[in-house]
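Notes for the structure review
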Amino acid sequence: EILKGGASAIYGSDAVAGVINIITRKNFDGVRVELDGQSTDKFDQKQGTVSAAFGATSERSRILAAISYFQNTELAANKRDWTKLGQRYARQGFPGAFLVGTGTQADPSCADAPGSVVVTTPGTTSSVCSFDIRNYRSLSGNMERANAFASAEFDLTGHTTLFSELGLSRSRSNGISSP
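The sections below set out a description of the structure shown in this document.

1. A few points about the pattern of salt bridges
On inspection of all chains with the given rule, the structure shows four salt bridges. Of the charged contacts, one joins arginine 32 and glutamate 34 as a salt bridge, the two residues approaching to 2.7 Å between their closest N and O atoms. The partner of aspartate 155 in a salt bridge is arginine 62, with the nearest N and O atoms 3.0 Å apart. Of this pair, aspartate 155 sits in strand β13 (residues 142–155) while arginine 62 is found in strand β5 (residues 61–72), placing the two residues 93 residues apart along the sequence. With a relative accessible area of 13%, arginine 62 lands in the buried category. Because the salt bridges share partners, they merge into one network encompassing Arg62, Glu153 and Asp155.

Next comes the structure, spelled out in structure tokens:
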């Protein structure tokens, strides 16, 4: 149900510019299963959803149960060319650089730090020690989500309905952040 104008008399003072009222299924009878998936063009990140709904109705009662599962795999920064060293995902000055004359010189121990490289500024003798954080950063982390919902209604009289609802959800996610 979409109301485009103000509906604060019915839905409260925040409904000044309109309301979208989502009405869940009440009289669903049968089974519905849905599968959805997608991937990047390089197949290095995938998403998928599986969901199912079960419902039964009679003259005086209605039961509905639904479950869904979603999974998203990680996309690491080192999987994309636009995150290469010297661009957005390089940190300069770690583990260090020294001021020498009018320029800088990379820390002589730069190569000892895993993931660090010496970068020389084009057209100069200045250099800095840069750390490529692409191996330590996720553009999109792993995510896993499971949901379950159940509802039951029973008409006691023509004007009185006994109902119950149960909703469960579990989410897990992780990603890599730079050290």
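Additional details are given in the paragraphs that follow.
2. Topic: the side chain of arginine 62
Among the polar contacts made by the side chain of arginine 62, one reaches the side chain of aspartate 155 at a distance of 3.0 Å. Here arginine 62 is in contact with Lys26, Asn27, Ala56, Thr57, Ser151, Ala152, Glu153, Asp155 and Thr161, once residues within four sequence places are set aside.

3. Brief notes about the sheet that holds β13
Pairing between sheet strands relies on hydrogen bonds along the backbone, with the strands arranged either parallel or antiparallel. Strands sit in the order β3-β4-β5-β13-β14 across an open sheet of five strands; the sheet is antiparallel. In this open sheet, the two edge strands, each paired with only one partner strand, are β3 (30–39) and β14 (161–174). Along the sheet, successive strands turn relative to each other by an average axial angle of 5 degrees, direction set aside. Both strand β4 (residues 46–57) and β5 contribute to a ladder of 11 bridges, which runs antiparallel. Across the sheet, alanine 53 pairs through a bridge with alanine 66, a residue of β5.

4. Re the environment of lysine 4
In this fold, lysine 4 is placed in the loop between β1 (2–3) and α1 (8–11). A residue is classified by how much of its surface remains accessible, and lysine 4, at 78% relative accessible area, is exposed. Sequence separation between lysine 4 and valine 16 is 12 residues, and the spatial gap between their C-alpha atoms is 9.5 Å. Not counting chain neighbours up to four residues away, the residues in contact with lysine 4 comprise Ala17 and Gly18.

5. Remarks on the state of the cysteines
Evaluation of the coordinates by the stated rule reveals one disulfide. Bridging cysteine 110 to cysteine 129, the disulfide has an S-S length of 2.0 Å. The chirality of the disulfide connecting cysteine 110 with cysteine 129 is right-handed, given an S-S dihedral of about 80 degrees. Taken together, the positions of cysteine 110 in the loop between β9 (103–106) and β10 (116–120) and cysteine 129 in strand β11 (residues 127–132) put the pair 19 residues apart, joining distant regions of the chain. Cysteine 129 matches cysteine 110 in its accessibility class, with the two residues each being buried.

6. Some words on the pairing of β13
Strand direction decides the pairing type here: β5 and β13, joined by 12 bridges, are antiparallel. By the bridge assignment for β13, isoleucine 67 is matched with alanine 148. Relative to β14, β13 runs antiparallel, the two sharing 14 bridges. Counterpart to asparagine 147 in the pairing with β14 is serine 169.

What counts as what
Residues numbered from 1 in each chain as written. Predicted model: local features only at pLDDT ≥ 70, side-chain atom pairs only at ≥ 80, totals over all residues. Heavy atoms only, no water. Salt bridge = Lys/Arg side-chain N within 4 Å of Asp/Glu carboxyl O. Helix = DSSP H or I, 4+ residues; strand = E, 2+ residues; numbered from the N terminus. Buried < 20%, exposed > 50% of the residue type's maximum accessible area, 1.4 Å probe, protein only. Polar contact = N/O pair within 3.5 Å; in protein donor to acceptor, adjacent residues only side chain to side chain. Contact = heavy atoms within 4.5 Å. Pairing = 2+ DSSP bridges. Axes fitted to C-alpha atoms, helices over the stretch in contact; angles between N-to-C directions. Disulfide = S-S within 2.5 Å.

Remember, this is a structural readout, not a statement about activity or role.
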